[in-house]
Amino acid sequence: MEEQLNALKDADKLSEKDIERAQKRYDLTVAQIALEEAQAQKNTLRLRRDTQGNYRYQYVADDEAVNDAENKLREAYNSLYNFDKERYIDNLNEAYDTWNDYQEAMAEAAQINDPELRAEKEALIQQEYGEIINGIVEQNEKIRTDLRESAFMDLANLKQEEYDTYMNMTQAEQDVILNNLIPQ
């Protein structure tokens, strides 16, 4: 969160979308903390069988609370990814619309008969739209980076869940999975 806060402080201009993304990152962090707390809170008593076949009571995390926290975390990852994806598409549409406007303005300027006036008008249009397009391209780089980050965060979370599930299996269950994956 400190890293995110510093990045927002260092930014020259903050848009409403930047603040909205920071809120989604915050919600994601809150969901991660809630999941960790649900997993750590062992308040349900269960009868378990150990490796020697003996039964004993053991305190475990509440499965319903953990599943609820996992679902909220998945929703937070998905929300951030969808937000970044929509923002990227909007940015590309804005670039396309600006390019079309530029082309139309240049076509209008090309209809001017006086060569000096036409050259002056074209130079003015190129300068105006050049600044706009450069700004959109800079935004696009940041948005693409954000989109990659949110996509890989979601993917890393899914792989971590699979790893955690595998590590919570008994040795026999792990052997069955490995025997199916690795040819004899």
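Here, the structure is the one placed above.
How each quantity is defined
Starting afresh in each chain, residues are numbered from 1 along the sequence in its written order. Local features in this predicted model are restricted to residues whose pLDDT is 70 or higher, and side-chain atom pairs enter the listing and the counts only when it is 80 or higher, whereas totals over whole chains, interfaces and linings include all residues. To get the side-chain values, all heavy atoms of the structure are used, and hydrogens and water are removed first. Residues with no salt bridge and a relative accessible area higher than 30% make up the patches, which join like charges within 9 Å and nonpolar side chains (Val, Leu, Ile, Met, Phe, Trp, Tyr) within 5 Å. Method for areas: the Shrake-Rupley scheme with a 1.4 Å probe, in which residue coverage is limited to the protein chains shown. What makes a salt bridge here is a side-chain nitrogen of Lys or Arg within 4 Å of a carboxyl oxygen of Asp or Glu, nothing more. Just so you know, the count uses Lys and Arg for positive and Asp and Glu for negative, and it drops His and the chain ends. Positions of charges follow a simple convention, taking NZ of Lys, CZ of Arg, CG of Asp or CD of Glu. The helix count covers DSSP runs of H or I at least four residues long, the strand count covers runs of E at least two residues long, and both are numbered beginning at the N terminus. When accessible area is computed with a 1.4 Å probe and restricted to protein chains, residues below 20% of their type maximum are described as buried, those above 50% as exposed, and intermediate ones as partly exposed. Residues grouped as a nonpolar core are buried Ala, Val, Leu, Ile, Met, Phe, Trp, Tyr and Cys residues, joined through side-chain atoms within 4.5 Å.

So what exactly am I meant to see when it comes to a negative patch on the surface here?
On the surface, Glu86, Asp90, Glu94, Asp97, Asp101, Glu104 and Glu108 cluster together into a negatively charged patch. Here Glu108 is to be found in helix 3 (residues 63-110).

I keep staring at the pattern of salt bridges and nothing clicks. Help me out?
Side-chain pairing between opposite charges can occur once the charged atoms of the two side chains come close. Within the structure shown, the criterion is met by ten salt bridges. The closest approach of N and O atoms between Asp146 and Arg21, which form a salt bridge, is 3.5 Å. One end of the pair, Asp146, is in helix 4 (residues 115-167); the other, Arg21, is in helix 2 (residues 16-40), with 125 residues separating them in the sequence. Take Asp146 and Arg21: they sit in the same class, and that class is buried. Here Glu149 ties to Arg25 by a salt bridge, and the two come within 2.9 Å at their closest N and O atoms. Of the two residues, Glu149 sits in helix 4 while Arg25 sits in helix 2, which places them 124 residues apart along the sequence. Relative accessible area serves as the criterion here: at 15%, Arg25 is assigned to the buried category. Each of Asp18, Arg21, Arg25, Asp84, Arg87, Lys142, Asp146 and Glu149 takes part in a single network of salt bridges with overlapping partners.

Hey, could you run me through the nonpolar core in this one?
With twelve residues, the main nonpolar core is built from Leu28, Ala31, Leu35, Ala38, Ala61, Val66, Ala69, Leu73, Ala76, Tyr77, Leu80 and Met153. Broken down by secondary-structure element, the contributors of at least two residues to this core are helix 2 and helix 3. Listed in part, the six residues of the second largest apolar core include Tyr102, Ala105, Met106 and Ile125.

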